[in-house]
Amino acid sequence: MIKKIFCLFSIFFCFPFLCFSHGQEQHDEYLSKVFFGKVLQLKPAEEEKLKLICFSSRIAIDQFNGKYVEELEFLKSKKIRTISSIDEIDYTGNQYHQRYTHRGWTFSYVLDKGHWLLRKQLLTDTTAKVFPIKNENQKDAFSALVYYVHILGDHDGDDITNTMCRIALGGRADKLDILDELANVYIPALFYDQKENTDSVCKKLKAINRKCNRLLLRTGEGFDDRNVRRDVSELTPEEYLIYQNYAYDTLQVLSQEIPLLLKNEKWFTKAFPTFLGSYKY
């Protein structure tokens, strides 16, 4: 909390034009924890598989201004050739680059400056390369989970100036937010034959979503009975810290609950046998 307060002070008083989102190493760490519950010591072949997922994620979500050429070359060397050249997806951007790739897994961009459909295909093709998943909905749901873990990291680590450039964490009346999509669409689809086991994680995500809803509700004269929500950009600095903490809480829930479900999926434990061997029952 002290670190976040210090960062907030820097954002608003020292560097109002900068973006303080997490670096790729932090995104990779979050993804490892959601998969394994911790940063696990993997065998070389397993490390390579995780590297493929992390690289495809950073290219699909964060590539702009010519970045990640080496990461793409690595994917191509492992026969993931969805994108032959960075030039196919590259675009010029600034601190607001998230608006072209961070709006949601199924978001339809009117101006597809970021070539989102090709980036999305890269993630699903990498999922297919790493895991022997036959069910197409399950493959799509896993790719969406990877995507949303990254966006959650941005909500946790980024400042309020970029919040309208990406899909909301929660609390939207139209349900176009991360928490609703994970709890009601992608986690049930990913673990479609573990319906009873998904109850715990989905209930926890829905509870966080209700907190987001309460935080965003307008209050005061004329609003108390109207169920009108504010945009996240309208939150006070103190309220935005709470919103960020909800993103962190969501990552914690996923890190606690998703490994319990993945250990029962043969396609996952076949790719990462060290995970199953290290799991404490």
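Everything discussed here concerns the structure shown above.
Now for a look at the structure at hand. (Residues numbered from 1 in each chain as written. Predicted model: local features only at pLDDT ≥ 70, side-chain atom pairs only at ≥ 80, totals over all residues. Heavy atoms only, no water.)

### What to know about the overall build of the protein
Across its full length, the protein carries 11 helices and 0 strands. Counting helices and strands in the order they occur from the N terminus, the protein gives α-α-α-α-α-α-α-α-α-α-α. For the protein, the residues scored as buried account for 51% of the 281 residues in total. Long-range contacts, defined as pairs at least 24 residues apart, comprise 67% of the intrachain contacts of the protein with a sequence gap of at least 6. In the structure as shown, the protein presents an accessible area of about 13800 Å², 53% of it carried by carbon and sulfur atoms. (Helix = DSSP H or I, 4+ residues; strand = E, 2+ residues; numbered from the N terminus. Buried < 20%, exposed > 50% of the residue type's maximum accessible area, 1.4 Å probe, protein only. Contact = heavy atoms within 4.5 Å. Areas by Shrake-Rupley, 256 points an atom, 1.4 Å probe, with all protein chains shown as cover.)

### A short note on helix α6 (residues 136–157)
Note that an α-helix has 3.6 residues per turn; residues three or four places apart therefore point the same way. The end-to-end C-alpha distance of α6, which contains 22 residues, comes to 32 Å, matching closely the 32 Å that a straight helix rising 1.5 Å per residue would cover. Across the 22 residues of α6, 19 count as buried, placing the element largely inside the fold. The N-cap residue of α6 is N135: its side-chain oxygen and the backbone nitrogen of N137 are 2.9 Å apart. (Expected span 1.5 Å × (residues − 1). Polar contact = N/O pair within 3.5 Å; in protein donor to acceptor, adjacent residues only side chain to side chain.)

### Overview of the packing of aromatic side chains
Tallied over the full model, the rule gives 24 aromatic pairs. Aromatic side chains Y148 and Y186 sit 6.1 Å apart centroid to centroid with 45 degrees between the ring planes, which places their arrangement in the tilted category. Taken as a pair, Y148 in helix α6 and Y186 in helix α7 (residues 178–190) lie far apart in primary sequence, 38 residues in all. Across this residue pair, the class does not change: Y148 and Y186 are buried. Where Y240 meets Y243, the ring centres are 6.1 Å apart and the plane angle is 25 degrees; that geometry is what we call stacked. Of the two residues, Y240 and Y243 both sit in helix α9 (residues 237–262), 3 residues apart, roughly one turn of that helix. Judged on exposure class, the residue Y240 and its partner Y243 are both buried. Cluster of aromatic residues (ring-pair linked, three or more members): F35, F36, F131, F142, W267, F268, F272 and F275. The ring centre of F74 lies 4.4 Å from the NZ or CZ of K51, which sits over that ring. (Phe/Tyr/Trp six-rings, centres within 6.5 Å; stacked < 30°, edge-to-face > 60°. Lys NZ or Arg CZ within 6 Å of the ring centre and 35° of its normal.)

### Examining the nonpolar core
In a soluble, globular protein the nonpolar side chains are often hidden away together inside. Of all hydrophobic cores here, the largest spans 77 residues; its most connected members are F35, F131, L182, L254 and F268. Dropping the residues within four chain positions of it, L254 is found in contact with V34, V149, L152, L182, I187, V201, L205 and P259. (Core = buried A, V, L, I, M, F, W, Y, C linked by side-chain atoms within 4.5 Å.)

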